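For reference, the chains in residue letters:
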Amino acid sequence: MSEISDLHGLSIGTVPVHRLTIEQFLIPDYQRGYRWTKQQVEDLLTDVSSFKVSAGAGFYCLQPIVVRWQKDSNGLPAGWQVVDGQQRLTTIWHILDTLDSDGEAAHRVPLRYATAARDAVAAGSLEDVYRRGALETIRKWLLKDTKVCNALKENLLNKTQVIWYQTTDTDEAAQAVFARLNAGKIPLTNSELIKALLLKRPTQVDGKQGDYTAQQLQIATDWDWIEAESARPELWGWLKQPEKKMAGRIELLFELHFRQSLNQPRTSYALFEATREWLQQNPSNQASEAAAIALWQHIKNLFLRLHGWFEDTDLYHRIGFLRITGTTLPKLLDMAAGKTKSDFRDTLTKSVWQAVGVEDGDPDVEWDACAYGERRTRQVLTLHNVAAAWASTGTSGRYPFYRHHNTEWSLEHIHPQSARTDNAADNWMDSLGNLALLPNSLNKSLQDISFDQKRAQIIEWSLSAVNFVPPATRDAFLKAHLISPEQMPPERAIAFATADHSALAGWRSWSEADGLVYQEAMRQAIKKFLNE
């Protein structure tokens, strides 16, 4: 190869498969041979052949190949050293080779090993077994249907692209990259690819790479700060979406920014594709660098908005509770759109009331119907704990949502169910006043033991720093919620006066009267939290 490839100036992007057929690729000696299984080959064949262009997907995108430009011993261009992606490239090579029934090699990806001896695969070797297996799988698959063969060739050559990631590392550093990507098969992440896309060095008129600009260096600094800040467990646990797994925390911001175009993700690299497409569709007179800076400003502003909500105690607790009940971050952003901070707070307050079953009604009446097993009961108890943390002072004045999300929860009867009789007077035992929110792991050890024994175990369990008992639950078992009859609404005071007080003043048991005091403390704490 005597000429420099025009891909030399592309540090990151997507490249059509047909474009790869005119490049030269070298597999370095430090890589193992071909090892794709029958299932992996069939998956690629099925995915490519079944792809159809739609409004949201103009091409099928394969996972990244990582390459490094290499020169020969004379300093002349030798081709692309494949740091990662050998398996995909080899499979594509075999598919195109099989499809070219006329024997021409015009559509084959030129692959060769750095060592000539490895180009000639020994018959019966492990490399030979896997290659022959792949070829046999491809041939059998293509025998299914002529139309499928035509669709496969058309899609592979004209509607399939690979993510192209060019590293400028030395050969030794490239080997380290290979080791990292193949240790436990850790792939390049969306965030790594997007960062490389935003920090791509500008190309000068003569085709040489320019220097990083001050704005790009600022992006790199901002990026590192956001990653470090979002690594704080209390922030990430408040932000995170338990239903989503992402390799880099900053990916959440890109998910939110591109949420409209990601309703139907195309591949595992949909975020990278969306970013690349956004940059291409937003051209400017200052080249793609300006579009990258504009996009980053959107991402940074989004994080600053979320971070501002996190720092505001009222917003933090309202949003944190709504996240527990299933409100998504996109929904919260929509709720905040066009509103002042005060109006947004009011909107959140209304949503919190709705989450615990109170629309325009009175919680004093609405919650009387709360009973064991109802979803609303769990929500009310959770809100009580959030309100209790909000009302406290010092470092305990913020409910630890990150610990809440990492815990499995259940409802526990404060006064044991084993003491229940068939008497209707015992119906209070399933009411809100006799229920508390506890971690599953703790609750299992509290079945059918007395209130006094439950309290002792909860105190002992909470002494460990790794265990978490929410504040309102702790206060219930410590009987720390002191509400006098004078502080109750008249109807509550009457019910309290007629209830059994035999255990109220006692430390070792829990009665219906305790439940009424506890339930009234719950109402007052939540109303105070929501400024009612």
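These numbers were taken from a predicted model, which means no experiment stands behind them.

S.K.: Which residues make up the overall build of the chain, and what values go with them?
M.R.: A count of helical and extended segments in the chain gives 24 helices and eight strands. Long-range pairs, those at least 24 residues apart, make up 71% of the contacts in the chain between residues at least 6 apart in sequence. Just so you have it, the chain exposes about 25,700 Å², and 51% of that area is on carbon and sulfur atoms.

S.K.: Which residues make up the environment of Leu 446, and what are the values?
M.R.: Note that Leu 446 resides in the loop between helix 20 (440-443) and helix 21 (451-462). Residue classification places Leu 446 among the buried residues on the basis of a relative accessible area of 0%. Residues contacting Leu 446, with those up to four places away along its chain left out, are Glu 412, Leu 438, Lys 454, Gln 457 and Ile 458.

S.K.: Break down the pairing of strand 1 (residues 12-16) for me, citing the residues and quoting the values.
M.R.: Burial within strand 1 is extensive, with four of its five residues counted as buried. The pairing of strand 1 with strand 6 (residues 160-166) spans five bridges and is classified as antiparallel. If you follow Gly 13 over to strand 6, its bridge partner there is Trp 164.

S.K.: Just give me the short version of the packing of helix 8 (residues 190-198) against helix 9 (residues 214-230), but keep the residues and values in it.
M.R.: In contact at an axis separation of 10 Å, helix 8 and helix 9 are set at 155° when each is read in the N-to-C sense. Between helix 8 and helix 9, the angle is such that the two are roughly antiparallel. On helix 9, the residues that touch Ser 191, Ile 194, Lys 195 and Leu 198 of helix 8 are Gln 216, Trp 223 and Asp 224. Along the lines of polarity and charge, the residues of the contact of helix 8 with helix 9 split into three nonpolar, two polar and two charged.

S.K.: Residues and numbers for the packing of helix 18 (residues 375-391) against helix 24 (residues 512-529), please.
M.R.: Where helix 18 contacts helix 24, the two axes come as close as 9 Å, and the packing angle between them is 65°. With respect to the hand of their crossing, helix 18 and helix 24 are arranged in left-handed fashion. Note on element contacts: helix 24 touches helix 18 through Tyr 518, Ala 521, Met 522, Ala 525, Ile 526, Lys 528 and Phe 529, opposite Val 380, Leu 381, Leu 383, His 384, Val 386, Ala 387 and Trp 390.

S.K.: I'd like to hear about the pattern of salt bridges, residue by residue, with values.
M.R.: Counted according to the given criterion, the structure contains 16 salt bridges. Note that Arg 318 and Asp 314 form a salt bridge whose closest N and O atoms lie 3.9 Å from each other. Linking Arg 318 with Asp 314, this pair stays in helix 14 (residues 313-324), spanning four residues, or about one helical turn. The exposure class of Arg 318 is buried, given its relative accessible area of 0%. Of the charged contacts in the structure, one is a salt bridge between Arg 345 and Asp 314, with a shortest N-O distance of 3.2 Å. Remark: Asp 314 occurs in helix 14 and Arg 345 occurs in helix 16 (residues 341-355); sequence separation between them is 31 residues. The class for Arg 345 is partly exposed, based on a relative accessible area of 22%.

S.K.: Account for the nonpolar core, naming residues and giving values.
M.R.: Most often, soluble globular proteins have nonpolar side chains that are buried together. With 94 residues, the main nonpolar core has Leu 198, Trp 238, Phe 254, Trp 296, Trp 309, Trp 367 and Ile 526 as its most contacted residues. Residue contributions to this core peak at 10 residues, all from helix 13 (residues 288-311). Residues Val 15, Ile 27, Val 48 and Ala 134 belong to the second largest nonpolar core, which totals 36 residues.

S.K.: Tell me about the environment of Gln 31, residues and numbers included.
M.R.: As for its placement among the helices and strands, Gln 31 is situated in the loop between strand 2 (25-27) and helix 2 (38-50). For the pair Gln 31 and Val 83, spaced 52 residues apart in sequence, the C-alpha to C-alpha distance is 8.3 Å.

S.K.: Any details on the environment of Val 380? Residues and values, ideally.
M.R.: Along the polypeptide, Val 380 turns up in helix 18. Remark: the alpha-carbon pair of Val 380 and Ala 355, spanning 25 residues in sequence, is separated by 8.5 Å. When near neighbours in sequence (up to four residues on either side) are disregarded, Val 380 contacts Val 356, Trp 367, Cys 370, Leu 432, Met 522 and Ile 526.

S.K.: Give me helix 6 (residues 146-158): which residues, what numbers.
M.R.: Relative to the 18 Å expected for 13 residues at 1.5 Å per residue, helix 6 spans 18 Å between its end C-alpha atoms, a close match to the ideal helical length. All buried positions along helix 6 are accounted for by Cys 149, Leu 152, Asn 155, Leu 156 and Leu 157. On its buried face, helix 6 sits against helix 1 (17-20), helix 2, helix 3 (86-99), helix 5 (126-142) and strand 6.

S.K.: Which residues make up the side chain of Lys 454, and what values go with them?
M.R.: Here Lys 454 shows up in helix 21. Apart from the residues within four sequence positions on either side, Lys 454 is in contact with Glu 412, His 413, Ile 414, His 415, Pro 416, Leu 446, Ile 449 and Phe 477.

S.K.: Can you break down the packing of aromatic side chains residue by residue, with the values?
M.R.: Across all of its chains, the model carries 18 aromatic pairs by this definition. With centroids separated by 5.7 Å and ring planes inclined at 10°, the aromatic side chains of Phe 451 and Phe 477 adopt a geometry described as stacked. One end of the pair, Phe 451, is in helix 21; the other, Phe 477, is in helix 22 (residues 471-477), and 26 residues separate them in sequence. Taking relative accessible area as the criterion, Phe 451 reaches 2% and is therefore assigned buried.

S.K.: Tell me about the pairing of strand 7 (residues 409-413), residues and numbers included.
M.R.: With respect to burial, strand 7 is a largely interior element, five of its five residues being buried. Judged by which residues are buried, strand 7 turns out to be covered on both faces: Trp 409, Leu 411 and His 413 on one side and Ser 410 and Glu 412 on the other are all buried. With five bridges joining them, strand 7 and strand 8 (residues 435-439) adopt antiparallel strand pairing. Bridged to Glu 412 within strand 8 is Ala 436.

Each value, and the rule that gives it
Residues numbered from 1 in each chain as written. Predicted model: local features only at pLDDT ≥ 70, side-chain atom pairs only at ≥ 80, totals over all residues. Heavy atoms only, no water. Helix = DSSP H or I, 4+ residues; strand = E, 2+ residues; numbered from the N terminus. Contact = heavy atoms within 4.5 Å. Areas by Shrake-Rupley, 256 points an atom, 1.4 Å probe, with all protein chains shown as cover. Buried < 20%, exposed > 50% of the residue type's maximum accessible area, 1.4 Å probe, protein only. Pairing = 2+ DSSP bridges. Axes fitted to C-alpha atoms, helices over the stretch in contact; angles between N-to-C directions. Parallel < 35°, antiparallel > 145°, perpendicular 65-115°, else oblique. Nonpolar A, V, L, I, M, F, W, Y, C, P; charged D, E, K, R; others polar. Left-handed = near helix turned anticlockwise from the far one by under 90°. Salt bridge = Lys/Arg side-chain N within 4 Å of Asp/Glu carboxyl O. Core = buried A, V, L, I, M, F, W, Y, C linked by side-chain atoms within 4.5 Å. Expected span 1.5 Å × (residues − 1). Phe/Tyr/Trp six-rings, centres within 6.5 Å; stacked < 30°, edge-to-face > 60°.

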